[in-house]
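Below are the chains, spelled out letter by letter.
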Amino acid sequence: MSEINELIKRKLQEYEPEVAEIAIKALELSSSEYSSEINVAEQLRSVVRDIVRRRKDRS
Amino acid sequence: MILHKLTMKNFRQFRGIQSIEFASRMGDSGKNVTVIFGENGRGKTGIFRAIMFCLYGDHRLSQDEEVEEKELYLVNLAELRNADANDRYPVESFVELEFSHKRERYVLKRIIYGMLDRDKVIEEHGEVGLARWKTDGNCITYDDPRDVESIVNAILDRRVKEYFLFDGEKIERLTRANAEQRMEISKGIRNLLNVDALEKAIRATERLRKSLDDELTKKSTGEFGKILNQLNVCEENRRDLKNRLDQLDVELKHASEEKRKVDKELEKFSEIRHLLKERNELENALEDYQEAAKKLLEEMKNRVGKAALLLVKETIEKVFKAIDERKQKGEIPSEIRKDLIERILLEKKCICGREVLVGTPAFDEIIQWKNRTHDISLQDSALDLWRYLSGIRNRNDDLAETLETLLQRYGVNKNKIEKVCLRIDDINKEIGSSERQDAAKLEDHRGYLESRLRKMEVERLSIQRDLESVNQEYEKLQAQRAAKEQEENIKNELSERAALANKSLEALRAVYNEFTTEIKDVIGKTATEFFKKLLDKESQETLRHIVVDNSYALQVLDR
């Protein structure tokens, strides 16, 4: 199972780093049986917000 | 994972300490298959339960769905009663499993305690410990349940355990070539590929993207706001079309599968087509004969109602003959009437004027005449009766003749029915009871499926065209949005977030398509190789290959 996840992650890492980071996080959060789709979307919202803020801080 | 030894203490029906050593290549025997065989209730599932409990701490098995919780105890009941009687609580029960994986050796032990509260069994999970011998000979021990769970899951993930560890009942379910079996396989493949997680990730990102877009639309005005609104509508259209396309794919798949089944059925029918045709003709003829028999019976019933006099035919004949004889002899009606004879006898003079004296032969003869003649009314009645009986005789003859003809026809018909039934029975035996379905009905159904498939294909093509144009529009709007953002320098945090969520979503979708296509191909090829190893030569030639379809079920394509 972990090999499958690694394979998907490797494919996602081919995208630009910020996009890959969000997509991989979405996959990791979704792999847990206990977190619902709404829950994952909410957690992703803060991941996206942090990335955009980080981007602003850098510039 | 190769199992070597299972030790149980007071577990289910295994009282005290008992162990089983499994055949494995690592053992001395060189054999690697262990068969556990026994009648119902002898503990086969108990052994399976012990393995699942030891590896995953499972109390329930998948087949326990309908079993009540209170009936599912793991600690040996006899030992619990014994402990209850002697006040020695709690009863310790454990399962220890020795196994190897990737040349490393493991010993896993899981304990459970039990006690009786009146008749109710109360159980509590105890310690769990794992010893792991690495290939270099070093041993590491783990006693934290989370570490143990993580190591066991790395060897065999609990989400797919049911497809590697199962008992006979599960094998029986998997070998059933029906929807249930396909669902089981499909579920297994999806679990193995983590497809559910990937799909959930896509849906969650879609949700986030939509929510960010909605926020952005609310806050945007003018041309930019208009573009965002159009993008939302476009996205909704795209989703609807994609949903309908997915739905159509499922419907198409089912209809094609059904058509394949019908074709297979029809193939069987081609070998017996001539018999089916004959049976069909015979069944039609039988229907006609049965109808004719019904009509003949009805007619006979009507005739028989009027033929009661046939029952007294002999008596009628006797009476008729008696009267007729007298008539033939001229006694009825008598040539000389009784009143004339009496006048001759009184006047003692014949009608010719000659004297008829008492004691003369002429007088005696007249006396005899007188005795032979009857009363006129009696004669008239006898004649009436003669006429009446003559009529009855004629009618009886006609009726008897008709009834005989009807009976003959009925007999012939009955013979035909018997012959036809015998032939139908023979044909049925030849065809076999499992194939009683009518080929014509199958042909009709096939026609219906074909037309449905054609309609769906047409609809599919049209939706695909619509989807293409919606996609183009979407791309165009996205470009307009980017241009507008640049033109009006709309680079706020919210729009950046929305854009990032959108890009992530596109990435997930693309990877999903790429990954599932690749992996389906790999599974199909591997499954084909495995199946070919399992099949005999003849079947190997028939098997073309196995494919994983869109619902992740395995489809066997043969020649």
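Here the structure is shown first, and the text comes after it.
Structure report, in brief. (Residues numbered from 1 in each chain as written. Chains lettered and ligands numbered in written order. Predicted model: local features only at pLDDT ≥ 70, side-chain atom pairs only at ≥ 80, totals over all residues. Heavy atoms only, no water.)

1. Here's the deal with the overall build of chain B
When helices and strands are counted, chain B shows 15 helices and eight strands. Residue burial in chain B is summarised as follows: out of 559 residues, 37% are buried. A separation of at least 24 residues holds for 63% of the contacts in chain B among residues at least 6 apart in sequence. For chain B, the computed accessible surface area is about 35100 Å², with 50% contributed by carbon and sulfur atoms. (Helix = DSSP H or I, 4+ residues; strand = E, 2+ residues; numbered from the N terminus. Buried < 20%, exposed > 50% of the residue type's maximum accessible area, 1.4 Å probe, protein only. Contact = heavy atoms within 4.5 Å. Areas by Shrake-Rupley, 256 points an atom, 1.4 Å probe, with all protein chains shown as cover.)

2. Some points on the nonpolar core
Ile-8 of chain A together with Leu-193 and Leu-508 of chain B are the most contacted members of the largest nonpolar core, which has 59 residues in total. The set of elements that each furnish at least two residues to this core consists of α1 (2–12), α2 (17–31) and α3 (37–58) of chain A together with α5 (179–193), α6 (195–219), α7 (222–271), α13 (439–487) and α14 (493–534) of chain B. For Ile-8 of chain A, the residues in contact, after removing those within four places along its chain, are Leu-27 of chain A together with Leu-193, Leu-198, Val-511 and Phe-515 of chain B. Grouped together as the second largest cluster of nonpolar side chains are 39 residues, Phe-11, Phe-14, Ile-47 and Tyr-56 of chain B included. (Core = buried A, V, L, I, M, F, W, Y, C linked by side-chain atoms within 4.5 Å.)

3. Section: the interface of chain A and chain B
Across the contact, 34 residues belong to chain A and 33 residues belong to chain B. In total, about 3100 Å² of surface goes out of reach between chain A and chain B, with carbon and sulfur atoms giving 65% of it. Inspection of the chain A/chain B interface yields eight salt bridges. A salt bridge links Glu-514 of chain B to Lys-11 of chain A, with the shortest nitrogen-to-oxygen separation between them at 2.8 Å. When contributions to the side of chain A that touches chain B are tallied by element, the ones reaching two or more residues are α1, α2 and α3 of chain A. Tallying contributions element by element places α3 of chain A first for the side of chain A that touches chain B, with 13 residues. (Buried area = accessible area lost by both parts, 1.4 Å probe. Salt bridge = Lys/Arg side-chain N within 4 Å of Asp/Glu carboxyl O.)

4. Quick look at unusual backbone geometry
Residues and elements named next belong to chain B. In this structure, Pro-90 follows Tyr-89 across a cis peptide bond, with omega equal to -15°. Examined against the element boundaries, Pro-90 turns out to sit in the loop between α2 (77–86) and β3 (91–101). At Lys-348, a position not held by glycine, the phi torsion is positive, near 50°. Tracing the sequence through the fold places Lys-348 in the loop between α10 (338–347) and α11 (361–372).

5. Observations regarding the pairing of strand β2 (residues 14–21) of chain B
All names here are of chain B. The sheet contact formed by strand β1 (residues 2–11) and β2 spans six bridges and is antiparallel. Among the inter-strand pairings, Met-8 is bridged to a residue of β2, identified as Gln-18. Between the end of β1 and the start of β2, which pair antiparallel, lie two residues, with Arg-12 showing a positive phi angle near 50°. (Pairing = 2+ DSSP bridges.)

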